[in-house]
Structure formats: structure tokens, C-alpha cells
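Residue-level structural notes
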Amino acid sequence: MNHLISPLRRQPMMPWLIVLQIAVACAILCNTLFLLVQQAGPLLTDDGIARNEVIIVDQLVSGGGNWSASQARAGADALAAIPGVKRASAVVGAPMRQTLTMVYDIKSADGPTVLVSGFIGDKLIDTLGLQLSRGRDFLDNEYSDLQLGDGDNSATTPVILTESLARTLFGDHNPVGQALTAGDGNGHYVVVGVVAHLMRYQLAELDDGKAEYAILLPHRAAGLPMLSFVIRADATQRDAVLKAVPGVLQTSFAGQMAKGFAPVVADYEQLRADGLRTRRAAVWLLVTVNAVVATITLIGIASLSGYWIQQRTRQIGIRRALGATRGQILRHFLAENLLLSGAGLFVGLLLAVLINQWLMQHYELPRLPLAYLPVAALLLVLLGQLAVLLPARRAARLPPASAARSV
């Protein structure tokens, strides 16, 4: 160890510059890698919805009071009659739309209380093309018209969860048949089924593994000032269905829609692309930041190490003349870099945690998981070893005689 530390003491400026660069890079990379994963996670999440088949109809505002259950059913039937349509459902909580949202806080007996998006509509598993992985779909006699605020809180409502939510609430236990309660204890639910995937529609609540915190409830849209529909069409006829929908809406709800509010009719893929555009831009920005930081760190360490090694050419020649092999010279500089990297990482990891604390206080960002610290540390150790490898190999290849003559 002394043969590694002695050169550092004789020429402290270069080692301190390398330590400082690694510390700063570590503090930045820990937090930017965390933010990158936060932003990219929902983009990689399987939303569970049938590809190229689903059309969303939203923002049908009533021109007089609330829409009734019969009006919602009539609209769904008219849309289902369009050629190429497999199924249409009136919904509350349309995917990728946040005009009207339903949020429930639920908890299991031993699990945490979580906030989830509620999807309400008739036969939504079929309409959205979801995959039922466990249990069953709702029975016909379990459906009821949606009631806000005046329902029977003592009744037990069947619900269908996502696999992600089921793992959070019940761990490895089978969720089917398990009881849930509302966070305030005024709601009671029983799990009858589980779908493989379904992304929630509160787009600001997709981080920290919560992108699939969603449930389906056996209610029908009623008593609300706004209507939404989900249409599942044959993929080959979806464009034709898209063109036909506005005309069907005008015919079915003639004189009933509020003026000045044009219904939104779009395919799900376009809504998803629009809804996640900001997140996608953030991912590209963070990828660029991480790439730039890694590249600057690599170039910086290589330049500093190369210059520092060059200054010690005479000492290298003496060691070679005394019998040191090329491998020993190479391993010396790699070990030296590893020692400097360790010092830089000690400071950088502490700085990363402090920066995260500051971001939490001022920008309400989540806490940096400790798992990111070793990941960033390993990345920087590899970068440091890669950066010093070329100048170290160049020094190791010097013939003893020519190296000893260098000043």
C-alpha cells in the first residue's frame, strides 16, 4: 500500500483533481440515474390495452344536468352498432384521459393504504382487451349504476386488481377472495379477479412503481355531467370507425350536448403518445446528461492520469530496470486509480445523498433509494479503470533504457 500512497503524497495536485472529478460525477450520476429510471419506468410499462384496437371518446358534456344511465347505455349501443366495432362501453375514467377521474384509497388487512385509479364501466375487460390472469370477471348481477356519496357503505363491492397492485397489497398470497377496506374504513371490497396489466390514468402518479395501481369496479356510468366511452374495433377497420364516431355521437345525442365543448375522439396509441410526450422528452434529456457526464469523466480521468503518468516516466524506467514487469506496472496504475476512485466515491456518495435531500425539500422529489449508490459507484469505478488503462499500458510498454533516460 505504501508504494501506492508515496507518489500521491509527492504530487498531491493531480490525485486531488481526479478525486474531485469522481466525487462530482458520482453526485450527479446517482441522482440523474434515479430520475431517469423514474421517468422511463412508465414508458416501459405494459398498459394491458389491446394494441391498435381501442378508441377513446371523451368530453361529452351534458347541456342540461347530468347524463342518466339510460342515455349512457343508448350511446354505447349506438357506438357498438358501427361496422367494425367489437364492443363499446360507457366509462368513468378513460385511459390516458384525466377529465373525470375516480381515486380510491384502499388497504388490505396487513398491507399499506394505497391510492388507486378506479375504472368504471360495463365489461371493461373485454372492451379494453385486458388479460384476466386470476379469478373471474364481474357477473351481470354485480353491476349497478354509479352512485356518488349516497351509496351503501356497509355493502361489499367486488373489485378486480392488477397484478402489480395485488403484490403490493397481498405479497405472494393469492389475492382472489381477499377483503379490502377503504382507508377511512367506510368502504368494503372483495377481490374477485386480477388482470395482468392496466396503467392508471392519473399521469402524474406513475412513478415509484405505482403506474399500475388500478382497479375495476362493477358500476355503470350515470349521474355525471360528462360522459366517456371506450370502443374496441377490429384493427383493420379502426380508422373507418374513427371517422364514423363523430356522426354517430351527433345523431345519438342531438340537442343534448353542451355547445362549445367538442367531444374528443382519438385512438388510444395517439393519446398515449401525447400523454407521455413530456416524460419521453425528460428521458432523452436525462440520457443525454448521463452520457455527457460519463464522457467528460472518462476524458478527464484519462487526461489527468496520462499527464501524471508521463511526469513519472523516469520512476517507471527505474522500476523496469530493477526487474518490474509490464504487468506489474500496469497493475500499479490500475490499483492507484482504484484507490483514488474509492476516495472520490466516498465524498461523491455522501454528496449525492445531500443533493437528494435538498431536492426533496425544494422540489418534492422522492427519496433516492440506496440501491442506486452502488450502481453509480460501480459505473464510476469501471469508467476510472477504463480511463487509466490506455496511459498505463503505454507506460508499461516503455523499454527500461528509454524510460530511465527521460526526465
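A brief look at the structure comes next. (Residues numbered from 1 in each chain as written. Predicted model: local features only at pLDDT ≥ 70, side-chain atom pairs only at ≥ 80, totals over all residues. Heavy atoms only, no water.)

1. Topic: the overall build of the chain
- A count of helical and extended segments in the chain gives 12 helices and 13 strands.
- The C-alpha radius of gyration of the chain comes to 31 Å, more than 25% above the 22 Å expected for a compact globule of 407 residues.
- Reported as C-alpha extents along the three principal axes, the dimensions of the chain are approximately 95 × 45 × 35 Å.
- Scored against the burial criterion, the 407 residues of the chain give a buried share of 47%.
- Put simply, of all contacts in the chain between residues at least 6 apart along the chain, 83% involve residues at least 24 apart.
- When the accessible surface of the chain is split by element, carbon and sulfur atoms take 59% of a total near 19,600 Å².
- For the chain, the distance from the average position of its 34 positive side-chain charges to the average position of its 29 negative side-chain charges is 22 Å. (Helix = DSSP H or I, 4+ residues; strand = E, 2+ residues; numbered from the N terminus. Rg over C-alpha atoms; globule rule 2.2 N^0.38 Å. Buried < 20%, exposed > 50% of the residue type's maximum accessible area, 1.4 Å probe, protein only. Contact = heavy atoms within 4.5 Å. Areas by Shrake-Rupley, 256 points an atom, 1.4 Å probe, with all protein chains shown as cover. Lys, Arg positive; Asp, Glu negative; His and termini not counted. Charge placed at Lys NZ, Arg CZ, Asp CG, Glu CD.)

2. Topic: helix H10 (residues 326-363)
- Here H10 spans 52 Å end to end across 38 residues, near enough to the 56 Å set by a 1.5 Å rise per residue.
- Where H10 terminates, the next one or two residues include Glu364, which has phi positive at roughly 55°. (Expected span 1.5 Å × (residues − 1).)

3. Side note on empty space enclosed by the protein
- In the structure shown here, the tally under the stated rule is 2 cavities of 30 Å³ or more.
- Taken as a whole, the largest cavity spans an internal volume of roughly 50 Å³.
- Together, Ile18, Ser305, Trp308, Ile309, Arg312, Phe333, Glu336, Asn337, Leu340 and Val388 line the largest cavity.
- Within the residue set of the lining of the largest cavity, elements represented by two or more residues are helix H8 (277-311) and H10.
- For the lining of the largest cavity, the element with the highest residue contribution is H10, accounting for 4 residues.
- Residue composition of the lining of the largest cavity, by class: 6 nonpolar, 2 polar and 2 charged.
- Considering only enclosed or pocket space, the second largest cavity measures out at about 30 Å³ in volume.
- The wall of the second largest cavity is formed by Phe119, Gly121, Lys123, Leu124, Ile125, Asp137, Phe138, Tyr143, Leu216 and Leu217. (1 Å grid on protein atoms, 1.4 Å probe; cavity = no way out; pocket = protein on both sides within 12 Å on 5 of 7 lines; lining within 4 Å. Points joined across faces, edges and corners; volume = space filled by probe spheres on them. Nonpolar A, V, L, I, M, F, W, Y, C, P; charged D, E, K, R; others polar.)

4. Quick notes on unusual backbone geometry
- Residues other than glycine seldom take positive phi values, yet Asn52 does so here, at roughly 60°.
- Note on placement: Asn52 falls in the loop between helix H2 (13-44) and strand E1 (54-61).
- A positive phi is found at Lys123, a non-glycine position, where the angle reads about 55°.
- Mapped onto the fold, Lys123 is located in the loop between strand E4 (113-121) and helix H4 (124-128).

5. A look at the environment of Gly48
- With respect to the helices and strands, the residue Gly48 is situated in the loop between H2 and E1.
- According to the relative accessible area criterion, Gly48 is buried, its value standing at 14%.
- Spatially, the C-alpha atom of Gly48 lies 5.5 Å from that of Leu130, the residues being 82 residues apart in sequence.
- Not counting residues within four places of it along the chain, the set of residues in contact with Gly48 comprises Leu128, Gly129, Leu130 and His197.

6. Details of the packing of aromatic side chains
- Inspection of the entire model under this criterion finds 5 aromatic pairs.
- Here the aromatic rings of Phe119 and Tyr201 are separated by 4.8 Å at their centres, their planes lie at 75°, and the arrangement is edge-to-face. Of this pair, Phe119 sits in strand E4 while Tyr201 sits in the loop between strand E9 (188-195) and strand E10 (214-217), and the two are 82 residues apart along the sequence.
- Given the relative accessible area of 1%, Phe119 is considered buried.
- Under the relative-accessibility criterion, Tyr201 is labelled buried at 0%.
- Their ring planes at 40° and their centres at 6.3 Å tell us that Phe229 and Phe253 sit as a pair that is tilted. Of this pair, Phe229 sits in strand E12 (residues 226-233) while Phe253 sits in the loop between helix H6 (238-252) and strand E13 (264-267), placing them 24 residues apart in sequence. As far as burial versus exposure is concerned, Phe229 and Phe253 are alike and both buried.
- Among the aromatic residues, those joined into a ring-pair cluster are Trp67, Phe229 and Phe253. (Phe/Tyr/Trp six-rings, centres within 6.5 Å; stacked < 30°, edge-to-face > 60°.)

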